[in-house]
Amino acid sequence: MDGLADLHLHSTFSDGTCTPEEVVALAAEAGLAAAVLTDHDTMEGTPRFLAAARAAGIRSLSGMEISADVPRRTVHLLAYGCDPAEPRLAAAMRRVRDGRAERNERILGKLARLGCPITAEEVRAEAGGGVVGRPHIAAALVRRGFAADGADAFRRFLSRGAAAYAERFRLAPEEALELVAGAGGIVSLAHPSSTGYNPAELRRFVERLAAHGLAGIECLYTGHLPNQVAEYVGLAREFGLLVTGGTDFHGGNKPGIRIGVAYGRLHVPVSAFDALEARCAAVRPNAGG
Ligand code: AMP
Ligand code: ZN
Ligand code: FE
Ligand code: FE
């Protein structure tokens, strides 16, 4: 084996349970050659992750996972190589995080009316200072005995369409692509399976995003079956996109998913990271001299 990569990881800066340093330590333990932190809607953990990775001899880039606004669909975009300080992207992501805070209030209001009065403080405590998401609300529901476990909390209250679900502000995919490009980065379409599109719909969607600068598809992902990988790799070939991959490691919030290998069978070659890094350098005129 020539070296493995994991290009999709979460920390305590969003809904993972490990700090950036702990994620790097696990990546080192797993013998990974490259790893990228992709917290939801924030690059706040990125400087710490990059410093720890450098110290551990693991190659890395900045990363972030952005939820895009496609009605009734789950569309996540992985942004790689962005300058975390670029003002337009930073302002857009602040707006997204404000939208989360406002949505969390509405979810808590619905839960209270459903007889599950949990407080914003309890939820913030579950998040430990990072971006607050539904998994933290789920954890608070479980802690208070209103749900048996996280899956139960999502099924009964928090999934799209469930009793306490609320929408939140999201960036249109084209807008996210443009902002990421403006910050010197590139985008890979995360876990295409979660869109729920059939192959023809997914092809049209990828064509639409590719016209706006999509650079890759996360073909290699926890739980993708061989036929799905083949479908997504086929799309990547057709539209000249990179094949990326990762586990979506969340620590204890997604039990059983191990860094680098997911449930044991995922293998993302470090060449996927090489290609990503090269594409980032190509779109950023100053990078690499
Ligand atoms: P949010 O970003 O607040 O909308 O929350 C999205 C996160 O919730 C995802 O990244 C998943 O980790 C988690 N999630 C979404 N749906 C479910 C589900 N049905 N069961 C467990 N976790 C889920
Ligand atoms: Zn997550
Ligand atoms: Fe995701
Ligand atoms: Fe993720």
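Residues numbered from 1 in each chain as written. Chains lettered and ligands numbered in written order. Predicted model: local features only at pLDDT ≥ 70, side-chain atom pairs only at ≥ 80, totals over all residues. Heavy atoms only, no water.

Looking only at helices and strands, the protein chain has 10 helices and 7 strands in total. C-alpha extents for the protein chain along the principal axes are approximately 55 × 40 × 40 Å. Going through the 289 residues of the protein chain one by one, you find that 52% of them count as buried. The long-range fraction of contacts in the protein chain, counting pairs at least 24 apart against all pairs at least 6 apart in sequence, stands at 72%. Carbon and sulfur atoms form 54% of the exposed surface of the protein chain, whose accessible area is close to 12500 Å². Between the centroid of the 32 positive side chains of the protein chain and the centroid of its 33 negative side chains there is a distance of 4 Å. (Helix = DSSP H or I, 4+ residues; strand = E, 2+ residues; numbered from the N terminus. Buried < 20%, exposed > 50% of the residue type's maximum accessible area, 1.4 Å probe, protein only. Contact = heavy atoms within 4.5 Å. Areas by Shrake-Rupley, 256 points an atom, 1.4 Å probe, with all protein chains shown as cover. Lys, Arg positive; Asp, Glu negative; His and termini not counted. Charge placed at Lys NZ, Arg CZ, Asp CG, Glu CD.)

Moving on, we come to the coordination of the iron ion (ligand 4). His8 (NE2), His10 (NE2), Glu65 (OE) and Asp248 (OD) make up the full set of protein donors to the iron ion (ligand 4), lying at 2.1 to 2.2 Å. One can describe the donor arrangement at the iron ion (ligand 4) as irregular, given that its 4 donor atoms subtend angles of 79 to 166° at the metal. Along the chain, the residues that donate to the iron ion (ligand 4) are spaced as H-x1-H-x54-E-x182-D. The distance between the iron ion (ligand 4) and the zinc ion (ligand 2) comes to 4.4 Å. With a gap of 57 residues between them, His8 in strand S1 (residues 5–9) and Glu65 in strand S3 (residues 63–68) connect regions that are remote in the sequence. Exposure class is identical for His8 and Glu65. Each is buried. (Donors = N, O, S within 2.8 Å, 3.2 Å for Na, K, Ca; no water. Tetrahedral: all angles 85-135°; square planar, octahedral: opposite > 155°, others 65-115°.)

Let's shift gears to the sheet that holds strand S6 (residues 216–221). Pairing is mixed in the open sheet, where 5 strands are placed in the order S3-S4-S5-S6-S7. Taken across any chain shown, the strands that pair with only one partner, and hence form the sheet edges, are S3 and strand S7 (242–246). With strand direction ignored, the average angle separating the axes of adjacent strands in the sheet is 35°. In this sheet, strand S4 (residues 75–80) lies alongside S3 in antiparallel orientation, the contact comprising 6 bridges. Considered in S4, the bridge of Ser67 is made with His76. (Pairing = 2+ DSSP bridges. Axes fitted to C-alpha atoms, helices over the stretch in contact; angles between N-to-C directions.)

On to the nonpolar core. Membership of the largest hydrophobic core comes to 56 residues, with the highest contact counts inside it found for Tyr80 and Leu189. If sequence neighbours within four positions are ignored, Tyr80 has contacts with Leu7, Val36, Thr38, Leu61, Ser62, Gly185, Ile186, Ser188, Leu276 and Cys280. Judged by nonpolar contacts, the second largest core, of 19 residues, contains Ile107, Cys116, Val123 and Ala164. (Core = buried A, V, L, I, M, F, W, Y, C linked by side-chain atoms within 4.5 Å.)

Moving on, we get to the site of ligand 1. With respect to spatial proximity, the complete set of residues near ligand 1 consists of Asp15, His40, Arg100, Arg103, Gly133, Arg134, Pro135, Phe154, Ser159, Arg168 and Lys254. A distance of 2.8 Å is found between an oxygen atom of ligand 1 and a side-chain nitrogen or oxygen belonging to Arg100. Here an oxygen atom of ligand 1 and a backbone polar atom of Arg134 are 2.8 Å apart. Alone, ligand 1 offers 500 Å² of accessible surface; in the complex the protein occludes 71% of this. For the shell around ligand 1, the residue count by class is 2 nonpolar, 3 polar and 6 charged. (Near = heavy atom within 4 Å. Polar contact = N/O pair within 3.5 Å; in protein donor to acceptor, adjacent residues only side chain to side chain. Nonpolar A, V, L, I, M, F, W, Y, C, P; charged D, E, K, R; others polar.)

Viewed as axis vectors pointing N to C, helix H3 (residues 87–113) and helix H5 (residues 134–143) meet at an angle of 30°, and their least axial separation amounts to 11 Å. By the angle between their axes, H3 is roughly parallel relative to H5. Regarding H3 and H5, the two cross each other, and that crossing is right-handed. In contact with Arg103, Asn104, Ile107, Leu108 and Leu111 of H3, H5 contributes Arg134, Ile137 and Leu141. The residue makeup of the contact of H3 with H5, split by class, is 5 nonpolar, 1 polar and 2 charged. (Parallel < 35°, antiparallel > 145°, perpendicular 65-115°, else oblique. Left-handed = near helix turned anticlockwise from the far one by under 90°.)

Treat this as a map of the structure, not an account of what it does.
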